[in-house]
Amino acid sequence: MQKKSLLLALFLGFFCSSFAQFTDQFSISFGSSVWHEWLPEDVHYIPTAMLGAFPLWRHKNFYIYSEGQLTYAINQVSFKSEYEFGTNMGIAYRLPLADWFQIGAMIGSGPHFITIDTRRQAKGFIFSDNFELNFNLNINKINTAIQLKTRYRHISNAGLKKPNGGIDNLIILIGLRKELTRSSDPIVVGMENQSSSK
């Protein structure tokens, strides 16, 4: 339990200190795998994930984002706790369909570390590739959006260590996206221009 609390505290501290330097918007999401591959040990790998993301730069409806991931799962063979953690970068698009509703898509990848040891995928350093479709319900009075995300995720190590069969999951997440006070930082000029043009 102490290890879980420490990992969570480190993740939140790193995420909060990072996004505060770059931008005036952030999102936090929680979810779990709803589709999972069978591993050679004849069990599923069912991760539960917490994600924190913020845009580094945005132009109109396109943006470049950074995202931290912390994932927890129970090893169904040893019944031990397993973890993944790392960071992703990627590109995303968000299309407003109404002033209260947006639909978005993203693709990203980044370095991660996993603790699970299976005959399908070596533990340690891996890459996490993510493809996501999301829906955003805006609550304009409090500058917040409720998000529903469907994410396909593939983890593997690009052949750096064997075995490297990869592990795939389909993850459903629910989260919040929050707009903070507008910043004068040049990195969010694209975001301010979009707001002023509406």
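How each quantity is defined
- Residues numbered from 1 in each chain as written.
- Predicted model: local features only at pLDDT ≥ 70, side-chain atom pairs only at ≥ 80, totals over all residues.
- Heavy atoms only, no water.
- Helix = DSSP H or I, 4+ residues; strand = E, 2+ residues; numbered from the N terminus.
- Buried < 20%, exposed > 50% of the residue type's maximum accessible area, 1.4 Å probe, protein only.
- Areas by Shrake-Rupley, 256 points an atom, 1.4 Å probe, with all protein chains shown as cover.
- Pairing = 2+ DSSP bridges.
- Axes fitted to C-alpha atoms, helices over the stretch in contact; angles between N-to-C directions.
- Core = buried A, V, L, I, M, F, W, Y, C linked by side-chain atoms within 4.5 Å.
- Contact = heavy atoms within 4.5 Å.
- 1 Å grid on protein atoms, 1.4 Å probe; cavity = no way out; pocket = protein on both sides within 12 Å on 5 of 7 lines; lining within 4 Å.
- Points joined across faces, edges and corners; volume = space filled by probe spheres on them.
- Nonpolar A, V, L, I, M, F, W, Y, C, P; charged D, E, K, R; others polar.
- Polar contact = N/O pair within 3.5 Å; in protein donor to acceptor, adjacent residues only side chain to side chain.
- pLDDT = per-residue confidence, 0-100.

J.: Whenever I open this one, the overall build of the chain confuses me. Can you help?
T.: Across its full length, the chain holds 2 helices and 8 strands. Along the chain, helices (α) and strands (β) appear in the sequence α-β-β-β-β-β-β-β-β-α when read from the amino end. Taking all 198 residues of the chain together, 43% fall into the buried category. With the model as given, the accessible surface of the chain reaches about 10500 Å², and the carbon-plus-sulfur share is 67%.

J.: What is the right way to look at the sheet that holds strand β6 (residues 124-139) in this model?
T.: The strands that make up a sheet pair up through hydrogen bonds in the backbone, lying either parallel or antiparallel. Reading around the barrel, the 8 strands line up as β1-β2-β3-β4-β5-β6-β7-β8 and close back on themselves, with antiparallel pairing between neighbours. Averaged over all adjacent pairs, the angle separating strand axes in this sheet is 25 degrees, with direction ignored. Looking at chain direction, strand β2 (residues 48-59) and strand β3 (residues 62-74) are connected through 11 bridges and run antiparallel. Within β3, the residue paired with Ala-49 across the bridge is Thr-71.

J.: Help me understand the nonpolar core in this model?
T.: Membership of the largest hydrophobic core is limited to 9 residues, which are Leu-39, Val-43, Tyr-45, Ala-73, Ile-114, Ile-116, Ile-126, Ile-155 and Ile-167. Beyond its immediate sequence surroundings of up to four residues, Leu-39 is in contact with Tyr-45, Ile-116, Thr-118, Arg-120 and Ile-167.

J.: What exactly am I supposed to notice about empty space enclosed by the protein here?
T.: One way to see where empty space is left: roll a probe the size of a water molecule over the atoms. Enumeration over the complete set of coordinates arrives at 2 cavities of 30 Å³ or more. In this structure, the largest cavity encloses a volume near 200 Å³. For the lining of the largest cavity, the secondary structure elements donating two or more residues are β1 (25-36), β2, β3, β4 (81-98), β6 and β7 (144-156). Across the lining of the largest cavity, the residue classes tally to 7 nonpolar, 5 polar and 6 charged. Counted as a void, the second largest cavity has a volume near 50 Å³.

J.: Any chance you could explain unusual backbone geometry here in plain terms?
T.: Glycine aside, the phi torsion of most residues is negative, and most peptide linkages are trans. Put simply, Lys-162 and Pro-163 share a cis peptide bond, and its omega is 0 degrees. For Pro-163, the position within the fold is in the loop between β7 and β8 (167-179). Even without glycine at this site, Asn-143 takes up a positive phi of about 50 degrees. Looking at the element boundaries, Asn-143 is found in the loop between β6 and β7.

J.: Can you walk me through the pairing of β8 in this structure?
T.: Side chains on a regular strand alternate between the two faces of the sheet. Sheet topology places β1 next to β8; 11 bridges connect them, and they run antiparallel. Residue pairing for β8: Phe-30 is matched across the bridge by Ile-174. Where β7 meets β8, 12 bridges bridge the pair, whose relative direction is antiparallel. If you follow Tyr-152 over to β8, its bridge partner there is Leu-170.

J.: Explain the environment of Tyr-63 here, please?
T.: Locating Tyr-63 in the fold gives a position in strand β3. By relative accessible area, Tyr-63 is classed as buried at 13%. Put simply, Tyr-63 and Ala-92 are 29 residues apart on the chain and 5.4 Å apart in space, counted from C-alpha to C-alpha. When near neighbours in sequence (up to four residues on either side) are disregarded, Tyr-63 contacts Pro-55, Trp-57, Arg-58, Gly-90, Ile-91, Ala-92 and Arg-94. At 2.8 Å, the side chain of Tyr-63 and the side chain of Arg-94 are in polar contact.

J.: How do you make sense of the confidence of the model for the chain when you look at a structure like this?
T.: Atom-level detail of predicted coordinates should not be read off regions where pLDDT is low. In the predicted model, the chain carries a mean pLDDT of 84, and the fraction of residues at 70 or more is 79%. The secondary-structure element of the chain with the lowest mean pLDDT is helix α2 (residues 189-196), recorded at 40, while β7 shows the highest, at 97. Across residues 182-198, confidence stays below pLDDT 50; counting only partners more than four residues off in sequence or on other chains, it has 25 contacts.

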